[in-house]
Protein chains: 2
Amino acid sequence: METCKVESCKHTQFKRVDELDVVEAEELSIFFKMYADATRLKILHVLFKGEMCVQCIADELDMSQSAISHQLAILKRNRIIKSRRDKKNMFYSLDDKHIELIFNAAYEHIKE
Amino acid sequence: METCKVESCKHTQFKRVDELDVVEAEELSIFFKMYADATRLKILHVLFKGEMCVQCIADELDMSQSAISHQLAILKRNRIIKSRRDKKNMFYSLDDKHIELIFNAAYEHIKE
DNA sequence: TGAACATATGAACAAGTGTTCATATGAGGT
DNA sequence: ACCTCATATGAACACTTGTTCATATGTTCA
């Protein structure tokens, strides 16, 4: 691997770009994947209001309990949301301080 | 669709959650999809340094010209990057002011 | 115009993803 | 213990995605 031979290419100014660690790139992509699905975004958006139980979310989004539960599991597994049991219900809520920041920055972007 | 019957559910405090528009959710998910792939993240990371031509990027990431070109096309189609021709080379560079903000917020997240 | 180079693109394929359906698990109340 | 309600989970399926391979397009320069 060599640096670019093209003189006009700014790249020639750098010896070697310090690589984004392969593992880090993979981790980052997994993090972004959580937001890369409309259903999950709608779930997160709903949770901005506060915690909510599974069937409530399903009703809100007019989707099946199963579909929602599967997505909640994925979000929880990736520590985007957390759960708490109260009697027969499981309540889910946000567990990531960066969500709103990221969500809003992205929202700004598509509003242009 | 009714509001939740569970009394302890915070949801009961709201009449009806104002839905994230279906189209908006879809647009947002497409935006995040751009960042949800390790190859595209590595490309963007490399472009933080400045514009670069296709083969240079391929060399940097040790990937085929074709694979990189396909990804660049996707990023460009979604207005994350832009291109400029100089003689025989096409130079790509970032075309989104929110990238670094989002990238860094996400990076903060995985570093915990 | 023709050869050489840089990039783009289409088809094909493997791998990954989200939903549905059926069913399992687990807590509460009788 | 049993029944019911709330949620979780596994298998199957259609759909999407990223890479490779082969080739097309387009630019430069002789």
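Given the structure is predicted, the values throughout are model-derived calculations rather than measurements.

### Examining the overall build of chain A
- The secondary structure content of chain A amounts to five helices and three strands.
- Of the regular secondary structure in chain A, the N- to C-terminal order runs α-α-β-α-α-β-β-α.
- Expressed as a percentage of its 112 residues, the buried residues of chain A come to 48%.
- Here the analysis covers contacts within chain A between residues at least 6 apart in sequence; of these, 48% occur between residues at least 24 apart.
- Accessible surface computed for chain A: about 6,000 Å², of which carbon and sulfur atoms make up 47%.

### Concerning the protein's contact with DNA strand C
- The full set close to DNA strand C counts 24 residues, and A:T39, A:R40, A:S66, B:S66 and B:Y92 are the nearest of them.
- For DNA strand C, the backbone portion of the atoms within 4 Å of the protein, that is sugar and phosphate, comes to 67%.
- In the environment of DNA strand C, a phosphate oxygen lies 2.6 Å from a nitrogen or oxygen atom belonging to the side chain of A:T39.
- Between DNA strand C and B:H70 there is a distance of 2.9 Å, counted from a base oxygen to a side-chain nitrogen or oxygen.
- Looking at the surface near DNA strand C, the elements with two or more residues in it are α2 (38-47) and α4 (65-77) of chain A together with α3 (54-61), α4 (65-77) and β3 (89-94) of chain B.
- Within the surface near DNA strand C, the residues separate by chemical class into six nonpolar, eleven polar and seven charged.

### Quick look at the sheet that holds strand β1 (residues 52-53) of chain B
Residue and element names in this part refer to chain B.
- In space, the three strands of this open sheet follow the order β1-β3-β2, with antiparallel pairing throughout. Two strands close off the open sheet at either side, each with one partner strand: β1 and β2 (81-86).
- Inspection of the sheet shows β2 paired to β3 by six bridges, in the antiparallel sense. Along β3, the bridge assignment pairs R85 with M90.

### With respect to the pairing of β3(B)
All names here are of chain B.
- The pairing of β1 with β3 spans two bridges and is classified as antiparallel. Within the sheet, the bridge partner assigned to M52 lies in β3 and is Y92.
- Here β2 folds back onto β3, and the loop between the two strands holds two residues, one of which, K87, carries a positive phi near 60 degrees.

### Points about the side chain of A:E51
Residues and elements named next belong to chain A.
- Along the chain, the position of E51 falls in the loop between α2 and β1 (52-53).
- The exposure class assigned to E51 is buried, which follows from its relative accessible area of 12%.
- A polar contact of 2.6 Å, which involves the side chain of E51, links it to the side chain of R84.

### Some thoughts on the protein's contact with DNA strand D
- DNA strand D sits among 24 residues. The nearest are A:S66, A:Y92, B:T39, B:R40 and B:S66.
- A:Q65 places a side-chain nitrogen or oxygen 3.0 Å from a base nitrogen of DNA strand D.
- Secondary-structure elements contributing two or more residues to the surface near DNA strand D are α3 (54-61), α4 and β3 (89-94) of chain A together with α2 (38-47) and α4 of chain B.

### Digging into the confidence of the model for chain A
- On average, residues of chain A carry a pLDDT of 83, and 82% of them reach 70 or more.
- Put simply, helix α5 (residues 99-110) of chain A is where chain A has its lowest mean pLDDT, 80, and α4(A) is where it has its highest, 98.

### Some points on the sheet that holds strand β2 (residues 81-86) of chain A
All names here are of chain A.
- Judged by pairing direction, the sheet is antiparallel, and its three strands sit side by side in the order β1-β3-β2 without closing on themselves. Each edge of the open sheet is held by one strand with a lone partner, namely β1 and β2.
- Strand contacts of α2: β1, β2 and β3, with the helix running at about 90 degrees to β3, the strand carrying the most contacts.

### What to know about the environment of A:D86
All names here are of chain A.
- Summarising the element assignment, D86 is placed in strand β2.
- Owing to a relative accessible area of 21%, D86 belongs among the partly exposed residues under this scheme.
- Between the C-alpha atoms of D86 and I57, which are 29 residues apart in sequence, the distance is 16 Å.

### Considerations on the pattern of salt bridges
All names here are of chain A.
- For the coordinates displayed, the defined rule picks out two salt bridges over all chains.
- When the shortest N-O distance is used, the salt bridge between E51 and R84 registers 2.6 Å. A residue pair is termed long-range when its members are at least 10 positions apart, and E51 in the loop between α2 and β1 and R84 in strand β2 qualify at 33 residues.
- With relative accessibility at 36%, the residue R84 sits in the partly exposed group.

Definitions and cut-offs
Residues numbered from 1 in each chain as written. Chains lettered and ligands numbered in written order. Predicted model: local features only at pLDDT ≥ 70, side-chain atom pairs only at ≥ 80, totals over all residues. Heavy atoms only, no water. Helix = DSSP H or I, 4+ residues; strand = E, 2+ residues; numbered from the N terminus. Buried < 20%, exposed > 50% of the residue type's maximum accessible area, 1.4 Å probe, protein only. Contact = heavy atoms within 4.5 Å. Areas by Shrake-Rupley, 256 points an atom, 1.4 Å probe, with all protein chains shown as cover. Near = heavy atom within 4 Å. Polar contact = N/O pair within 3.5 Å; in protein donor to acceptor, adjacent residues only side chain to side chain. Nonpolar A, V, L, I, M, F, W, Y, C, P; charged D, E, K, R; others polar. Pairing = 2+ DSSP bridges. pLDDT = per-residue confidence, 0-100. Axes fitted to C-alpha atoms, helices over the stretch in contact; angles between N-to-C directions. Salt bridge = Lys/Arg side-chain N within 4 Å of Asp/Glu carboxyl O.

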